[in-house]
Amino acid sequence: YYLLMPKAIMRAWKKRLIFNLLIIILCSAMLFCTAIAHADWPIGFGESMDLNYAGASYEYRPSDDFESSLYSLSSKYNIVKVKDYNISASLRADYRHTNSSGYFPDDLYKTAFSLRADDKKNWISIGVVSNSDMPYNSLDEAFIVASAGRKISLTEKHSLIAGLFYSSQRDVLEGVPMPMLIYEYKGEDLYLRGGFLFLSVRWKINDKTSVNAAYFPIRNYTLSVSRKITEGLTASAEVHGKSERYLLEGRVNKSEKLFLETNEAGIRLSQRIVKGLVVYGFAGYSFGSSYYKGDKINKRNDKVEIEDSIVLNAGLRYIF
């Protein structure tokens, strides 16, 4: 009996540890997934840390009740390297002009800036985000996000990414740092990263065909099948959905947000022009889209359904 006690104790502690880890993941995802979806979440942590890029895109949605043009600019560049840490900055700016038959604003902006320091194991980042009709007009239209943590290698292919996430604008427990835990698997043909309610998968079927799937709280998803046509040309069939939220200037209830949800399916062609430069075009169909107000994403006040329509998107990205 006494010889069996250490094994019994170890099993009990193992179950308790697993239970506590699940509670951490559950609390992080269930309570704070809305803020995480609009923050500097370390999805790309540990990958292409020396990558510099600049990109631009244009999207046109000719719906009768929601004619919309979206202009986007984004970049990420390395500033300096301090010992083993790479210091980088990220910028993103979106401008959406909409002719709507409802209360949706004519002009909306999404802006984000962040600084990040990371090596192969650790990272820390801080940024400011403002999605509004009057960005940075006051503290009511902007919020700060930050994260820090460490990648723990379990084996050659298996890792855990553990850390803390902070956002000054959240639906609950605003301004309280929260733990996060992500599992990562890197195989020869399969890459997986996920936590509770979050999953990203890349599966290389063969040298020419691959599948990508991801879900990110709340109501952000993508599924695509890509096929390499030539050395520089790639075609992909894809379906994706996106949930955006904005803090409008002049709102009486400071917790109220404007939500825009879109779903699209179509074909994307990507062509590498020269080394580092890729241009792409997307033609598809937008369906099941809507906008509404609420202090939480599940409180859909004054919901307006958007008519289905075609959607066109074109852009480029230069990696240097």
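Please read all numbers here as calculations on a predicted model, not as lab measurements.

### Quick notes on a negative patch on the surface
Negative charge collects at one region of the surface, where D64, E67, E307 and D308 lie side by side. Judged by relative accessible area, which is 32%, E67 ranks as partly exposed.

### Notes on the confidence of the model for the chain
Predicted coordinates in areas of low pLDDT are best not read in detail. In this model, the chain carries an average pLDDT of 84, and 82% of its residues clear a pLDDT of 70 or more. A low-confidence stretch, residues 1-5 (pLDDT under 50), is modelled with zero contacts involving residues beyond four sequence positions or located in other chains.

### Digging into the pattern of salt bridges
Considering all chains together, one arrives at 15 salt bridges under this definition. A salt bridge links K204 to D207; the nearest nitrogen and oxygen atoms lie 3.9 Å apart. Looking at D207, the relative accessible area reads 65%, which means it is exposed. Salt bridges here are not isolated pairs; linked through shared partners, they connect R96, K110, K242 and E244.

### Considering the environment of F287
As for its position among the elements, F287 is in strand β15 (residues 277-294). A relative accessible area of 30% means that F287 is categorised as partly exposed. Put simply, F287 and T262 are 25 residues apart on the chain and 7.2 Å apart in space, counted from C-alpha to C-alpha. When sequence neighbours within four positions are dropped, the list of residues in contact with F287 reads Y221, V239, N263, E264, A265 and D308.

### Here we look at a positive patch on the surface
On the surface, K208, R227, K228 and R272 cluster together into a positively charged patch. Within the element layout of this structure, K208 appears in the loop between β10 (198-204) and β11 (209-216). Among the residues examined, K208 registers a relative accessible area of 46% and is labelled partly exposed.

Calculation notes
- Residues numbered from 1 in each chain as written.
- Predicted model: local features only at pLDDT ≥ 70, side-chain atom pairs only at ≥ 80, totals over all residues.
- Heavy atoms only, no water.
- Patch = residues over 30% accessible without salt bridge, like charges linked within 9 Å, V, L, I, M, F, W, Y side chains within 5 Å.
- Areas by Shrake-Rupley, 256 points an atom, 1.4 Å probe, with all protein chains shown as cover.
- Salt bridge = Lys/Arg side-chain N within 4 Å of Asp/Glu carboxyl O.
- Lys, Arg positive; Asp, Glu negative; His and termini not counted.
- Charge placed at Lys NZ, Arg CZ, Asp CG, Glu CD.
- Buried < 20%, exposed > 50% of the residue type's maximum accessible area, 1.4 Å probe, protein only.
- pLDDT = per-residue confidence, 0-100.
- Contact = heavy atoms within 4.5 Å.
- Helix = DSSP H or I, 4+ residues; strand = E, 2+ residues; numbered from the N terminus.

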